[in-house]
Amino acid sequence: MKQINVVVAGPRGKMGQEALKMIANEEQFQLVACIDRKHEGEKISEVTGLRDLDAIIYTDAEVCLNEVDADVLIDLTTPEFGYKHTKLALENGIRPVVGTTGFTPDQLEEVTNLSESKQLGAVIAPNFAVGAVLMMQFSKWAAKHFPDVEIIEKHHDQKLDAPSGTAIKTADLIKEERESHHQGHPDEKETLQSARGADVDGMKIHSVRLPGLVAHQEVIFGGLGQTLTIKHDSLHRESFMSGVKLAATEVMNIDTLVYGLEHLLD
Ligand SMILES: NC(=O)c1ccc[n+]([C@@H]2O[C@H](COP(=O)([O-])OP(=O)(O)OC[C@H]3O[C@@H](n4cnc5c(N)ncnc54)[C@H](O)[C@@H]3O)[C@@H](O)[C@H]2O)c1
Ligand SMILES: O=C(O)C1=N[C@H](C(=O)O)CCC1
């Protein structure tokens, strides 16, 4: 099996920590550097206590991605830096695997075009949990038969972006199956602003942020005399790691950007 040299951006974050553990346990991956906001030049093993990993930390992403012999960048940072790192990776011939959410449609288009012009594979996945990918696909299917739908996404209270990347992706998939239409009473009025949630093409998205939550979503469809709820819960961030592993492996075999893990699953 060919070794894949990996850089992780955001190694001290909740997802970054899980990604480092996954990399340490997988023979095909070699951690060659990390990008962090602090700890320039220190060993990641000393900063995180993960003894098997002795890669060096860079605080300047441009220097890191230019200097290091890397195949893949795994980015688990913030919307602002995730976008910058994705562009820098592609410009330096490195394939990005991005879990960071909150990219704007324009940013997504820009990095998609960059990946195409460089003929370099890239994966941006708003949700790496296989169960969440199935929840989105089942929702797309259900929307054929139940065009009225609302999405409730629930996350921990440290999350920066709302709605979640998963909720936006779910709405995009559902949009492919149903006509845009207003839901609820035609004369409905909000007596408190945003009471009905965010609107995507007539679909409503409601975002809950509370301590204790990890990542959860319910997609509720309503029809005559019945409702259908499709629900997924990530109870631990380990749930995302088989998807990160798949993406960091398969990104080596593609030459365009894919948005969503479903493009890599059988
Ligand atoms: N795709 C998925 O399956 C999935 C799952 C969970 C979280 N996420 C997304 O992943 C991202 C990270 O989530 P988290 O829960 O680990 O957040 P977190 O806040 O725990 O971690 C983010 C880390 O990024 C670091 N960081 C910030 N700016 C940086 C920079 N310029 N360079 C390097 N590091 C920088 C922070 O120091 C922090 O350690 C978020 O965008 C979140 O929405 C995606
Ligand atoms: O913890 C987060 O932040 C998560 N974000 C993703 C999103 O925005 O959809 C999903 C998984 C957890």
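Computed from a prediction, not measured in an experiment: that's the story for all the values here.

## With respect to the site of ligand 2
Next, step 1: Around ligand 2 lies a shell formed by Thr-101, Pro-126, Asn-127, His-155, His-156, Lys-159, Asp-161, Ser-164, Gly-165, Thr-166, Ala-215 and Phe-240.
Next, step 2: Within the contact set of ligand 2, an oxygen atom lies 3.4 Å away from a backbone nitrogen or oxygen of Pro-126.
Next, step 3: When its residues are assigned to classes, the shell around ligand 2 shows three nonpolar, seven polar and two charged.

## Quick notes on the UniProt feature "domain: Dihydrodipicolinate reductase N-terminal" (unreviewed entry) in the protein chain
Next, step 1: Under the UniProt annotation, the feature "domain: Dihydrodipicolinate reductase N-terminal" (unreviewed entry) is placed at residues 4-128.
Next, step 2: Measuring from the first to the last C-alpha atom of residues 4-128 gives 19 Å, for a span that is 41% helix and 22% strand.

## What about the packing of helix H4 (residues 79-91) against helix H5 (residues 105-118)?
Next, step 1: Two numbers describe how H4 lies on H5: the axes approach to 10 Å, and their chain directions differ by 10 degrees. By the angle between their axes, H4 is roughly parallel relative to H5. On the side of H4, the interface is formed by Tyr-83, Thr-86, Lys-87, Leu-90 and Glu-91, while H5 contributes Gln-107, Glu-110, Val-111, Leu-114, Ser-115 and Lys-118.

## Here we look at the sheet that holds strand E3 (residues 56-58)
Next, step 1: Across the sheet, seven strands lie side by side as E3-E2-E1-E4-E5-E6-E12; this open sheet has parallel pairing. Because the sheet does not close on itself, it has two edges, and the strands there are E3 and strand E12 (257-259). Within this sheet the neighbouring strands show an average axis-to-axis angle of 25 degrees, counted without direction.
Next, step 2: Here strand E2 (residues 29-35) runs beside E3; their pairing, made up of three bridges, is parallel.

## Observations regarding the side chain of Thr-166
Next, step 1: Inspection of the secondary structure puts Thr-166 in helix H7 (residues 165-175).
Next, step 2: Side-chain polar atoms of Thr-166 contact the side chain of Asn-127, separated by 3.1 Å.
Next, step 3: Ignoring any residue separated from it by four or fewer positions in sequence, one finds Thr-166 in contact with Pro-126, Asn-127, Met-135, Met-136 and Gln-217.

## Thoughts on the sheet that holds strand E9 (residues 203-209)
What links the strands of a sheet is backbone hydrogen bonding, and the strands pair in either a parallel or an antiparallel sense.
Next, step 1: Spatial strand order, E8-E9-E7-E10-E11: five strands in an open sheet with mixed pairing. Each having just a single partner strand, strand E8 (198-200) and strand E11 (226-234) make up the two edges of the open sheet. The average angle at which neighbouring strand axes cross in this sheet is 20 degrees, direction not considered.
Next, step 2: Two strands pair when backbone bridges link them, and strand E7 (residues 148-155) and strand E10 (residues 215-223) are joined in this way by eight bridges, in the antiparallel orientation. Paired with Val-149 across the two strands is Phe-221, which belongs to E10.
Next, step 3: In this fold helix H6 (residues 130-143) packs onto E10 and E11, with an angle of close to 165 degrees to the strand it touches most, E11.

## Focus: H6
Structural remark: α-helix, 3.6 residues per turn; residues separated by three or four positions point the same way.
Next, step 1: Between its first and last C-alpha, H6 extends 20 Å over 14 residues, near the 20 Å set by a 1.5 Å rise per residue.
Next, step 2: On the buried face of H6, the contacting elements are H7, E10 and E11.

The rules behind the values
- Residues numbered from 1 in each chain as written.
- Chains lettered and ligands numbered in written order.
- Predicted model: local features only at pLDDT ≥ 70, side-chain atom pairs only at ≥ 80, totals over all residues.
- Heavy atoms only, no water.
- Near = heavy atom within 4 Å.
- Polar contact = N/O pair within 3.5 Å; in protein donor to acceptor, adjacent residues only side chain to side chain.
- Nonpolar A, V, L, I, M, F, W, Y, C, P; charged D, E, K, R; others polar.
- UniProt positions renumbered as here; feature names shortened; annotations may be inferred.
- Helix = DSSP H or I, 4+ residues; strand = E, 2+ residues; numbered from the N terminus.
- Axes fitted to C-alpha atoms, helices over the stretch in contact; angles between N-to-C directions.
- Parallel < 35°, antiparallel > 145°, perpendicular 65-115°, else oblique.
- Contact = heavy atoms within 4.5 Å.
- Pairing = 2+ DSSP bridges.
- Expected span 1.5 Å × (residues − 1).

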